[in-house]
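Spelled out from the first residue to the last, the chains are:
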Protein chains: 2
Amino acid sequence: MVDENGVPRPKRTVFFVSDRTGITAETLGHSLLTQFDVDFEQVTLPFVDNQDRARKVVEQVNRLSTVGEQRPVVFSTVVQDDVRELLRTANAAFFDFFDAFISPLEQELGVRSSHTVGQAHGVGDTKEYSARIDAMNFALNHDDGVTTRQYDKADVVIVGVSRTGKTPVSVYLAMQSGIYAANYPLTEDDLINGGVPRILKPYRAKLFGLTIRPERLQSIRAERRPNSRYASLQQCQMEVLRAEAMFAREKIRFVDSTNVSIEEIATTIVHQCGLKRRVY
Amino acid sequence: MVDENGVPRPKRTVFFVSDRTGITAETLGHSLLTQFDVDFEQVTLPFVDNQDRARKVVEQVNRLSTVGEQRPVVFSTVVQDDVRELLRTANAAFFDFFDAFISPLEQELGVRSSHTVGQAHGVGDTKEYSARIDAMNFALNHDDGVTTRQYDKADVVIVGVSRTGKTPVSVYLAMQSGIYAANYPLTEDDLINGGVPRILKPYRAKLFGLTIRPERLQSIRAERRPNSRYASLQQCQMEVLRAEAMFAREKIRFVDSTNVSIEEIATTIVHQCGLKRRVY
């Protein structure tokens, strides 16, 4: 980044301060920062749950604010009042997540908030929590079509040719939503036969397809097996073409993962398949 | 939940409305809701990125507000002004993430925000994005000690006895932070030999231990292999005891995963090992 005189501007430092993991502060702050065409240096400071840690944070922030001509930005999700008051004394632009929302929410709900350290990313409801771990293990045990034994237990079965992103999406669905996602790679035999693979027929209502642009698929595969038939453009084109034809013919919903993130694909699947989340 | 007269109160419905995945709205809203001892019905409405979708959301919210005596709560991260203005007309308590923070942030940064649909959970920086996928593949390829071939590439090697949560933590580190986390299960031989397993010696600086309470370990293992020696309390006690003794003797940092979430363990590892995130 350069300023109006073409002079390079130092990166603006942003701190995400939390009494727990910092995930909420990061998520909050990051989505705000993506709205600005500014280079940021992002620092997460988790477990700031007492006045000593808070004082150290203030020192760290102030050390920076003396160097750069731009004061740092602090996003805080700290709920303990005494800790928050200390943080507020730092020489920085202080954005307080709880001040902004907690009091209006207390008014709306007609109850006081607990003001206790957030359980948002803690174990919290252990039933919810083990649902998540179970879903995670399910995704890993049913990755890449290793077994279809428990497909009846699956919420969704993600199908696509090799390297379309089935595994990250399956794991993400488990992690984020406690959804049981199996994934099955379409083999060359499957693609030549053309129909829904026999083994998947009982679960066809659960199938969701992933596809990708052949050129992108080629480059991904080339990293794994350079100069292989597997990574040839011709092979990738053939596989993608046949996979998409099968999805269309069999009326299997699918998305193109080429320019779409894991989160977006996962959200699309939950949304389009009307899946019920087990975890929030 | 019951009110002051002991009359059961209907669940308060909370909508997370977003023009993209809804992840930011959920994270924001969920950490706020965990501050209240109230039962909520949580509904995520993603991809609300035009006026038509917005009108449907308003209808859906209003339909509810006519039934229950409590109006719904809406958390919105929608950035398009026209869509947001429509949402605001719903008969609900409207908490607008961008109104709360964007304008003060614009003032602080001295630049206008783009007001374009958030890229927070999109592909965004493709370099960052593929780093994440690579890290994910690394975690899965180096799960459960299957291979130590690329341990030199690992940022951290998570060690612990079977079923202490190594895999979910490794995958989470990859997904959330683009960190290369391998994991290695301590075998009975490893535990009897007592020292750092020979194969791990070159990477000892990267080792981080997970432990768990034997009773908890027993119940987790019993679900997998009921009445097995593997799941016996005696076996679990022996393994945990020896593993923790090894961690202590070899000065390997470790955490007890019994009552700690995946996110908290992952954050602790990043924090204590001073790992650099590749992804924000």
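Please read these numbers as outputs of a predicted model, since none were measured by experiment.

Student: Explain the environment of I179(A) to me, using residue names and the numbers behind them.
Tutor: Residue and element names in this part refer to chain A. Here I179 is to be found in the loop between α6 (166-177) and β6 (181-185). It is 13 Å that separates the C-alpha atoms of I179 and Y151, two residues lying 28 residues apart in sequence. Setting aside residues no more than four positions away along its own chain, I179 makes contact with A135, D155, V156, L173, A174, V270, L275, K276 and R278.

Student: Can you break down the relation of the copies chain B and chain A residue by residue, with the values?
Tutor: For the match of chain B to chain A, the screw axis carries a shift of 0.0 Å, the RMSD comes to 0.1 Å, and the turn is 180°. In the structure described here, the two chain copies are related by an operation that fits a two-fold rotation axis. In this assembly, 100% of the residues forming the interface of chain B have copies in chain A that are likewise at the interface, indicating an isologous arrangement.

Student: Tell me what's going on with the interface of chain B and chain A, and back it up with residues and numbers.
Tutor: Taken together, the contact between chain B and chain A spans 77 residues of the former and 78 residues of the latter. For the chain B and chain A pair, buried surface summed over both sides reaches about 6,700 Å², with 66% attributable to carbon and sulfur atoms. Counting the surface chain B buries against chain A, the share from its top three residues, Q35(B), F101(B) and Y280(B), is 12%. Taken together, the connections running from chain B to chain A amount to 10 salt bridges. R132(B) is the salt-bridge partner of E263(A), the closest N and O atoms lying 2.8 Å from each other. Seen at the junction of chain B and chain A, the total is 12 residue pairs in polar contact (both at pLDDT 80 or more). Split into classes, the residues belonging to the side of chain B that touches chain A amount to 38 nonpolar, 25 polar and 14 charged.

Student: Go over the pairing of strand β5 (residues 156-160) of chain A, please, and point to the residues and values.
Tutor: All names here are of chain A. With respect to burial, β5 is a largely interior element, 5 of its 5 residues being buried. Going residue by residue along β5, you find V156, I158 and G160 tucked away on one face and V157 and V159 tucked away on the opposite face as well. Sheet analysis places β5 next to β6, joined by 5 bridges and oriented parallel. Paired with V157 across the two strands is A182, which belongs to β6. The parallel pair β5 and β6 is bridged by α6, and the resulting crossover is right-handed. Bridge count between β5 and strand β7 (residues 207-211): 3 bridges; the pairing is parallel. Paired with V159 across the bridge in β7 is G209.

What counts and what doesn't
- Residues numbered from 1 in each chain as written.
- Chains lettered and ligands numbered in written order.
- Predicted model: local features only at pLDDT ≥ 70, side-chain atom pairs only at ≥ 80, totals over all residues.
- Heavy atoms only, no water.
- Helix = DSSP H or I, 4+ residues; strand = E, 2+ residues; numbered from the N terminus.
- Contact = heavy atoms within 4.5 Å.
- Least-squares fit on C-alpha atoms with pLDDT ≥ 70 in both.
- Buried area = accessible area lost by both parts, 1.4 Å probe.
- Salt bridge = Lys/Arg side-chain N within 4 Å of Asp/Glu carboxyl O.
- Polar contact = N/O pair within 3.5 Å; in protein donor to acceptor, adjacent residues only side chain to side chain.
- Nonpolar A, V, L, I, M, F, W, Y, C, P; charged D, E, K, R; others polar.
- Buried < 20%, exposed > 50% of the residue type's maximum accessible area, 1.4 Å probe, protein only.
- Pairing = 2+ DSSP bridges.
- Right-handed = clockwise from strand over helix to strand, strands pointing away.

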